[in-house]
Amino acid sequence: MATLFKRPPRKNWIIQYYDGSGRRRERSSGTTDRRAAERIAQKLDADAALRRNGVIDPTEELRANAAAIPMIEHLGDPNTSSDRARFVSFALALGSRGNTPAHTSLTISRCRLVIDAARIERLDQLRETAVQSALASLLESGRSAESINHYTRAIKAFARWLHQERRTAEHQLSGLKTSTSESDRRVRRRALSPEELNWLCAATDASSEHGGLDGRKRSLLYRFAASTGLRLGELRSLTPSSLHLDREIPIVIVAAAHSKRRREDRIPLASSLVDVLRVEIETLDPGDQLFPIKSRSAAHLIREDLAAAREAWLQDASTEAERRQREQSDFLAIATEAGRIDFHALRHTFITAVVESGASIKTAQELARHSTPTLTIGRYAHTQIGHLADTVERVASPAARQQEHQHPLRPAMPHRTASCMGRDASSERDDCVTHSTTADYETERLVDVKGRGGIRTRESRICNPFP
């Protein structure tokens, strides 16, 4: 039974009652009229009794209340915290999951763009046809297919969250699909060759301070990015405590909050970087940024350093004829037919070097930290015309193929050991494990004695693609 009382100096009647779960609740009636307050209290008691008896479904009631809230309040604003107490917004949910403010703001802005284009104001208006029509209009307005895919993933994540929070009866956009963006890619990047990277780092190392970083620091930044494949945001998050240089295998750790796949990443470091990094962190505190660079200035920095490196390369020509020939070359050019060079192109450079080193597809995928090898090989790995020509020559020459088949780093096939030969020949499968190691190649071979399963190898190689 609900009770009424007043709490001075407030004049409105306060109602105390038990809800459907048996919890005691207290709320203001919003009126100074006792009879009106009594009617409100009776309504609260009646609703609580219906909930206890199962007549009112709490989930359906939650959805009904959610449907009355404007869509923009479900989405929320990452820059404010003025959200309804009963309804946590999507922006707050993203932030509570460890996402960076930049990622949260970008996701919310993409969702808001689609919602505004589709003119969606309430949850019941969030339909696949309306969203698909809005995405089509955005594509017609000049946005690329890749941008449309980003919008699609963002709005689908919002719809999935609404369903998980039981604000909608179903995932209303589960059938929405992304499109193939290869035919409409607006930005095509290319990888730097080892010679281009060496010229870039050498010229930058000798240059003056720019963008808050001196030439030596920028040179280290470029070489570090091209040797680890870390993205700009991940590089900016690094501190001296992120580097573990005294381990048997030196690694750099990227915290889950700053990794694109939202989990802690551990990337091995090339031995040629370890000593340089050890000297670099001597003057830094554990919490200092290793590379204090602003996101917007990174593109300007590498463009200016590329231009300076190309000019130094042109001046290095021994004759005027050679200089004219170099001027016609795409060497260190920012934009070519193969693609352009920006800061993210250093990641393409790293992945290309990994693939060209002969690493397996799985190894390349793990080092690239991609969810699928298709993205690693299809988007990030680039081939140089010189490598293609070398491959054609090897294919055309049986002697070259035979010589490559006998690779000096590959150990010869191990002989069967006595323990392997002594096994029961009637067993379904007999394997023996042999180990062989060289200076930079380590492999474990599982040799099928009966010869039916071939040879399975597990190999790991850590090297610097740009010594």
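A quick note: this is a predicted structure, and the numbers were derived from the prediction, not measured. (Residues numbered from 1 in each chain as written. Predicted model: local features only at pLDDT ≥ 70, side-chain atom pairs only at ≥ 80, totals over all residues. Heavy atoms only, no water.)

1. Things to note about the overall build of the chain
To be explicit about the condition: Helix and strand assignments come from DSSP, with helices taken as H or I runs of at least 4 residues and strands as E runs of at least 2, each series counted from the N terminus. With a 1.4 Å probe rolled over the protein chains alone, any residue whose accessible area is under 20% of its type maximum counts as buried; one over 50% counts as exposed, and the rest are partly exposed. In this analysis, two residues are considered to be in contact whenever any of their non-hydrogen atoms come within 4.5 Å of each other. Here the accessible surface of atoms and residues is derived via Shrake-Rupley with a 1.4 Å probe, and residues count as covered only by protein chains that are part of the display.
A tally of regular secondary structure across the chain gives 19 helices and 11 strands. Counting across all 467 residues of the chain, residues that qualify as buried make up 37%. Across the chain, the fraction of contacts at a sequence separation of at least 24, relative to all contacts at a separation of at least 6, is 55%. As presented, the chain carries roughly 27200 Å² of accessible surface, and 50% of it is formed by carbon and sulfur atoms.

2. Focus: the packing of helix α6 (residues 128-140) against helix α7 (residues 145-164)
What counts, and what does not: Between N-to-C directions, angles cover 0 to 180 degrees, with each direction set by a line fitted to C-alpha atoms, over the stretch in contact for helices. Roughly parallel means an angle under 35 degrees; roughly antiparallel means over 145; roughly perpendicular covers 65 to 115; every other angle is labelled oblique. Left-handed describes a crossing whose near helix is turned anticlockwise from the far helix through less than a right angle; right-handed describes the clockwise counterpart. As a working rule, the residues Ala, Val, Leu, Ile, Met, Phe, Trp, Tyr, Cys and Pro are called nonpolar, Asp, Glu, Lys and Arg charged, and the rest polar, with Gly in that last group.
At a minimum axis separation of 10 Å, α6 and α7 run at an interaxial angle of 155°. On the basis of the axis angle, α6 is roughly antiparallel to α7. The way α6 lies across α7 gives a crossing that is right-handed. Contacts between α6 and α7 involve V131, L135, L138 and L139 from the former and A145, I148, Y151, T152 and I155 from the latter. When the residues that make up the contact of α6 with α7 are grouped by side-chain class, the tally is eight nonpolar, one polar and no charged.

3. Things to note about the pairing of strand β6 (residues 265-268)
Our working rule: Two strands pair under a simple rule: DSSP has to find at least two bridges between them.
Only one face of β6 is buried, namely the one carrying D265 and I267, since none of R266 and P268 on the opposite face is buried. Judged from the four bridges that link them, strand β5 (residues 251-254) and β6 form a sheet pairing that is antiparallel. Bridge pairing links V254 to D265 in β6.

4. Some details on the sheet that holds strand β2 (residues 14-18)
Taken in spatial order, the three strands of this open sheet run β1-β2-β3, and their pairing is antiparallel. Edge strands, defined here as strands with exactly one partner in the open sheet, are β1 (3-5) and β3 (24-28). Strand after strand, the sheet turns through a mean of 25° between neighbouring axes, direction not considered. Where β2 and β3 come together, five bridges link them in antiparallel fashion. The residue of β3 that forms the bridge with Q16 is E26. Across the sheet, helix α1 (residues 34-52) lies against β1, β2 and β3, angled at about 20° from β2, the strand it touches most.

5. With respect to the pattern of salt bridges
Selection rule: Salt bridges are identified by distance alone: a Lys or Arg side-chain nitrogen within 4 Å of an Asp or Glu carboxyl oxygen.
The full count for this structure, using the stated rule, is 21 salt bridges. Between E264 and R266 there is a salt bridge whose closest N-O contact spans 3.1 Å. Taking relative accessible area as the criterion, R266 reaches 48% and is therefore assigned partly exposed. The partner of E327 in a salt bridge is R323, with the nearest N and O atoms 3.3 Å apart. A residue pair is termed a helical-turn pair when its members lie 3 or 4 positions apart in one helix, as E327 and R323 do in helix α13 (residues 320-327) at four residues. Owing to a relative accessible area of 38%, E327 belongs among the partly exposed residues under this scheme. Among the charged side chains, a network of salt bridges with common partners joins D214, R216, K217 and E280.

6. Quick notes on the environment of G98
Note that G98 resides in the loop between α4 (90-96) and α5 (101-118). For G98, a relative accessible area of 34% gives the class partly exposed. Considering only alpha carbons, one finds G98 and A257, 159 residues apart in sequence, at a separation of 5.4 Å.

7. Some words on the packing of aromatic side chains
Rules: Pairing of aromatic rings covers Phe, Tyr and Trp, the last through its six-membered ring, and needs centres within 6.5 Å; plane angles under 30 degrees mean stacked, over 60 mean edge-to-face, and all others mean tilted. Geometrically, a lysine NZ or arginine CZ counts as sitting over a ring once it is within 6 Å of the ring centre and also within 35 degrees of the ring normal.
All told, the structure shown has six aromatic pairs when counted by the stated rule. Between the aromatic rings of F90 and W161, the centroid separation amounts to 5.4 Å while the plane-to-plane angle is 45°, which identifies the pairing as tilted. Remark: W161 occurs in helix α7 and F90 occurs in helix α4; sequence separation between them is 71 residues. W161 gets classed as buried once you look at its relative accessible area, which sits at 2%. Relative to W161, the ring of F158 has its centre 6.3 Å away and its plane inclined at 20°; by these criteria the two rings are stacked. One end of the pair, F158, and the other, W161, are both in helix α7, three residues apart, so they sit about a helical turn from each other. With respect to burial, F158 and W161 carry one shared label: buried. One aromatic cluster is present, built from ring pairs that chain together F90, F158 and W161. Over the aromatic face of W13 sits the side chain of K6, whose NZ or CZ is 4.8 Å from the ring centroid.

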